[in-house]
Amino acid sequence: TFFSLQFYLFPLTFGEYTLISSKSGSWSIKVNKGKITVNILNYTRTFNEFNLRINKYYNFYFGINTNSYKLHVNSRFKTVSYPEKYNITKDITLGCSTHSSKYEDFFKGYIGNITYYKNRFLDYDQICQNYMCTKYIRNYDILSMQEQKRMQFWYNKSARRLVRIKEQQLLDKKNKPQRP
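Everything numeric here is computed off the predicted structure, so don't read it as measured data.

(A) Expanded view of the overall build of the protein chain. What the protein chain contains, in helices and strands, is 2 helices and 10 strands. Along the protein chain, from the amino end to the carboxyl end, the secondary structure elements read β-β-β-β-β-β-β-β-β-β-α-α. When each of the 180 residues of the protein chain is scored for burial, the buried share is 39%.

The structure is reproduced here in structure tokens:
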């Protein structure tokens, strides 16, 4: 009933958004003006030491078990215990909130190289072995630009696909025979 999630992060705006959320697990990680806040059931903690900035590349790790979680951002590592047991997570959504019936609080930026570990709670050395520590990234700026270009390509491709789907839906609606 525990898991770990690793990914690269590149924020493009400086606002309030949801980075990760789980409706079934009743938890979320939000960012407000660069500060990361973890919400689990009735427990909330804001981390001032993790100050995200726009147009900067971050290595992000979040692991959760029954009564604690780990947060790792660019070689900074925090393990936090909380008083209650969390709900079992059956869904994880990256880049927006799913706590209401609609998607909201969208993240504007890039998320890539996502790795999910079911029933594994990684320690610092295991996270660094997966190249999630900045000391293992040789050319940080070039790597972030390559990742940014790759993710922009897939974003544009999916955006064009959504436009084609909407156009087709409009045509289908227009060409649908009307009942007398």
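(B) Layout of the sheet that holds strand E7 (residues 68-73). As summarised here, the arrangement of the 5 strands in space is E8-E7-E6-E1-E10, forming an open sheet in which the pairing is antiparallel. The open sheet has two edge strands, strand E8 (76-81) and strand E10 (109-118), and neither has a second partner. Adjacent strand axes in the sheet meet at a mean angle of 15 degrees when their direction is disregarded. By the bridge criterion, 7 bridges tie strand E1 (residues 3-11) to strand E6 (residues 58-64) in an arrangement that is antiparallel. Following the sheet pairing, Tyr8 is matched in E6 by Asn59.

(C) Quick look at the packing of aromatic side chains. For the structure shown, the criterion picks out 12 aromatic pairs. An angle of 50 degrees between the planes, with centres 5.6 Å apart, marks the rings of Phe47 and Phe50 as tilted. Look at Phe47 and you get buried, because its relative accessible area is 0%. Given the relative accessible area of 2%, Phe50 is considered buried. One aromatic cluster is present, built from ring pairs that chain together Phe3, Trp27, Tyr43, Phe47, Phe50, Phe62, Tyr69 and Tyr116.

(D) The nonpolar core, seen in detail. Within the largest apolar cluster, 28 residues are counted, with the highest numbers of intra-cluster contacts made by Leu19, Phe60, Phe62 and Tyr69. For this core, the secondary-structure elements that each account for two or more residues are E1, strand E2 (16-22), strand E3 (27-32), strand E4 (35-40), strand E5 (43-51), E6 and E7. When neighbours within four sequence positions are excluded, Phe62 is seen to be in contact with Phe3, Ser4, Leu5, Ile20, Trp27, Ile29, Val38, Tyr69, Lys70 and Leu71.

(E) Inspection of the pattern of salt bridges at higher detail. In total, this model carries 1 salt bridge according to the counting rule given. A salt bridge links Glu49 to Lys78; the nearest nitrogen and oxygen atoms lie 3.5 Å apart. On the criterion of sequence distance, the pair formed by Glu49 in strand E5 and Lys78 in strand E8 is long-range, its members being 29 residues apart. Classification of Glu49 by relative accessible area gives partly exposed; the value is 29%.

(F) A look at the sheet that holds E2. If you trace the 5 strands from one edge of the open sheet to the other, you get E5-E4-E3-E2-E9, paired in antiparallel fashion. Each edge of the sheet is formed by a strand with only one pairing partner; in this case those strands are E5 and strand E9 (93-94).

(G) Just the side chain of Gln6, in detail. Note on placement: Gln6 falls in strand E1. Under the relative-accessibility criterion, Gln6 is labelled buried at 1%. At 3.3 Å, the side chain of Gln6 forms a polar contact with the side chain of Tyr117.

Reading guide: rules and limits
- Residues numbered from 1 in each chain as written.
- Predicted model: local features only at pLDDT ≥ 70, side-chain atom pairs only at ≥ 80, totals over all residues.
- Heavy atoms only, no water.
- Helix = DSSP H or I, 4+ residues; strand = E, 2+ residues; numbered from the N terminus.
- Buried < 20%, exposed > 50% of the residue type's maximum accessible area, 1.4 Å probe, protein only.
- Pairing = 2+ DSSP bridges.
- Axes fitted to C-alpha atoms, helices over the stretch in contact; angles between N-to-C directions.
- Phe/Tyr/Trp six-rings, centres within 6.5 Å; stacked < 30°, edge-to-face > 60°.
- Core = buried A, V, L, I, M, F, W, Y, C linked by side-chain atoms within 4.5 Å.
- Contact = heavy atoms within 4.5 Å.
- Salt bridge = Lys/Arg side-chain N within 4 Å of Asp/Glu carboxyl O.
- Polar contact = N/O pair within 3.5 Å; in protein donor to acceptor, adjacent residues only side chain to side chain.

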